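So you can see what is in the structure, the chains are spelled out below.
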Amino acid sequence: MATASAITSTEYISHHLNYLSFDLKTMSFGGGSGFWVVHLDTLLMSIILGLLFLLVFRFVAVRMVSGVPGKLQNFIEVIIDFIDDQVKTTYSGKSEIVAPLALTIFVWVFLMNLMDLVPVDIIPGVATLLGASHFRAVPTADVNLTFALSISVFLLSIIFAVRSKGVLGFIKELALNPFGKWLIPVNLVLELVTLFARPLSLSLRLFGNLYAGELVFILIAGLLLSHWSLQPVGWAVNWIWAMFHLLVITLQAFIFMILTVVYLNMADEKH
């Protein structure tokens, strides 16, 4: 990453919006965009945060006490109880994977969102020292990751629907609702649009909010870079936005989790 004194605020913002990409077709870095281009920073950060989630919860699980628990155990138990209550009130089926899935989604998405509150130059700066030309630290600000999450939920909902209704029942649900057998083409169009709109809206909602939040932080950092006299204003705006954005990242993790449970419940309803 170039030093702040050597670049303009526009170049600074543009630099921070580039991914550390790798083209699998040409086996080279900086591949731009395309089907064979992967964002290594998104993959690396999401894997690290996923492992952090697993290790912390495993650490608490193997050291759990029934007497007077520590602060970390109390915190984990509050999260688990909260997710469990949400699943019980939202999901009416009997699948044993819904609650663990909801917990995983909420914590993992929250941790990825939380990277938006890390000062924008810290993680890219460390990556620069390690030889990376670009590095974006917020995985959920990458539409590829949010689509991957939503497609996974979409496929799981299809599995739940087929398991509950059977293949024929699932096809009949798409073909006969809401206008009956005489308007099957219309039914199919309406139901398929509704079906595919779910993962689309699920992914774009999360991506849009986190991308906007990341962009605001970068713009504020660019404001701080542009002139020293603007720094007091920039720091004040930065803290105000950070406090507001803490609510946004928590809410977006909750929305993604609760909509996942809702979609699985709708797919699992036998009627």
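Every chain's residues receive numbers from 1 upward, in the order its sequence appears when written. Confidence filtering applies because this is a predicted model: local features only for residues at pLDDT of at least 70, side-chain atom pairs given and counted only at 80 or more, and all residues used for totals across whole chains, interfaces and linings. In computing side-chain values, all of the structure's heavy atoms are included and hydrogens and water are not.

**Student:** Just give me the short version of the packing of helix α2 (residues 40–62) against helix α3 (residues 71–90), but keep the residues and values in it.
**Tutor:** Where α2 contacts α3, the axes come no closer than 10 Å and their chain directions differ by 110°. Between α2 and α3, the interaxial angle falls into the category roughly perpendicular. The segment α2 lies against α3, with Val56, Phe57, Phe59 and Val60 engaging Leu72, Gln73, Ile76 and Ile80. Put simply, Ala, Val, Leu, Ile, Met, Phe, Trp, Tyr, Cys and Pro go in the nonpolar bin, Asp, Glu, Lys and Arg in the charged bin, and everything else, Gly too, in the polar bin. Taken together, the residues that form the contact of α2 with α3 break down as seven nonpolar, one polar and no charged. To define axes, lines are fitted to C-alpha atoms, for helices over the stretch in contact only, and angles between the resulting N-to-C directions are given on a 0 to 180 degree scale. The secondary structure listing takes helices from DSSP runs of H or I that are at least 4 residues long and strands from runs of E that are at least 2 residues long, numbered from the N terminus. Any angle that is under 35 degrees is reported as roughly parallel, and any over 145 degrees as roughly antiparallel; angles of 65 to 115 degrees are reported as roughly perpendicular and all others as oblique. Only heavy atoms matter for contacts: two residues are in contact if any of them lie within 4.5 Å across the pair.

**Student:** Explain the packing of aromatic side chains to me, and be specific about the residues and the numbers.
**Tutor:** Centre distance within 6.5 Å is the pairing criterion for rings of Phe, Tyr and Trp, where only the six-membered ring of Trp is used; planes under 30 degrees apart are then read as stacked, over 60 as edge-to-face, and the remainder as tilted. Applying the stated criterion to the full structure yields ten aromatic pairs. Both rings, one in Phe53 and one in Phe57, keep their centres 4.8 Å apart while their planes meet at 65°; by these two values the pair is edge-to-face. On the criterion of helical spacing, the pair formed by Phe53 and Phe57 is a turn pair, its members being four residues apart in helix α2. Between Phe82 and Phe254, the aromatic rings sit 5.8 Å apart at their centres with planes inclined by 40°, giving tilted as the arrangement.

**Student:** A description of helix α1 (residues 9–16) should follow, citing residues and the corresponding values.
**Tutor:** In an α-helix, one full turn covers 3.6 residues, which means residues spaced three or four apart are oriented alike. The complete set of buried residues in α1 reads Tyr12, Ile13, His15 and His16. In an axial view of α1, the angular spread of the buried residues amounts to 160°, which keeps them on one side of the axis. Each residue gets one of three labels from its accessible area relative to the maximum for its type: buried under 20%, exposed over 50%, partly exposed in between, using a 1.4 Å probe on protein chains only. The arc refers to the directions leading from the helix axis to the C-beta atoms.

**Student:** Before we move on, can you summarise the sheet that holds strand β2 (residues 28–29) with the specific residues and values?
**Tutor:** Any two strands are treated as partners once DSSP identifies two or more bridges connecting them. Taking strand neighbours across the sheet as the criterion, the three strands line up as β2-β1-β3 in an open arrangement whose pairing is antiparallel. Each end of this open sheet is capped by a strand with a single partner; those strands are β2 and β3 (37–39). Of the strands in this sheet, β1 (21–23), β2 and β3 are in contact with α2, which crosses β3 at around 45°.

**Student:** Describe the nonpolar core, naming the residues involved and giving the relevant values.
**Tutor:** Buried residues of nine kinds, namely Ala, Val, Leu, Ile, Met, Phe, Trp, Tyr and Cys, make up a nonpolar core once their side-chain atoms join them within 4.5 Å. Ile83, Val107 and Met257 are the most contacted members of the largest nonpolar core, which has 51 residues in total. Going through the elements one at a time, α2, α3, α4 (98–114), α5 (122–129), α6 (143–176), α7 (184–226) and α8 (231–268) are the ones with two or more residues in this core. Per element, the largest residue contribution to this core is ten residues, and it comes from α8. Leave out the neighbours within four places in its chain, and Met257 touches Ile83, Gln86, Ala102, Ile105 and Phe106. Counting seven residues, the second largest nonpolar core, distinct from the first, contains Val120, Phe217, Ile218 and Ala242.

**Student:** Which residues make up the packing of α3 against α4, and what values go with them?
**Tutor:** As a packed pair, α3 and α4 sit with axes 9 Å apart at the nearest point and diverge in direction by 125°. In terms of axis orientation, α3 runs oblique to α4. Seen along the crossing, α3 lies across α4 with a hand that is right-handed. Residue-level contacts link Ile79, Ile80, Ile83 and Val87 of α3 to Val98, Ala99, Ala102, Leu103, Phe106 and Val107 of α4. Partitioning the contact of α3 with α4 into residue classes produces ten nonpolar, no polar and no charged. Note: crossing handedness is left-handed where the near helix turns anticlockwise from the far helix by less than a right angle, and right-handed where it turns clockwise.

**Student:** Would you mind going over the UniProt feature "transmembrane region" (unreviewed entry) in the protein chain in detail, with residue names and values included?
**Tutor:** UniProt positions are given in the numbering used here, feature names are shortened, and annotations may be inferred rather than shown by experiment. Under the feature "transmembrane region" (unreviewed entry), the UniProt entry names residues 43–61, 97–115, 145–162, 210–228 and 240–264. Along residues 145–162 one finds 100% helix and 0% strand; the C-alpha atoms at either end are 26 Å apart. With 100% helix and 0% strand, residues 240–264 has end C-alpha atoms that lie 37 Å from one another.

**Student:** Describe the side chain of Asn265, and please don't skip the residues or the numbers.
**Tutor:** Following the sequence through the fold, Asn265 ends up in helix α8. Polar side-chain contacts of Asn265 include one of 2.8 Å to the backbone nitrogen of Ser92. For Asn265, the contacting residues outside a window of four places in its chain are Thr90, Tyr91, Ser92 and Gly93. Under this definition, polar contacts are N or O atom pairs within 3.5 Å; protein pairs additionally need one hydrogen-donor-capable and one acceptor-capable atom, and for neighbouring residues in sequence, both atoms have to be side-chain atoms.

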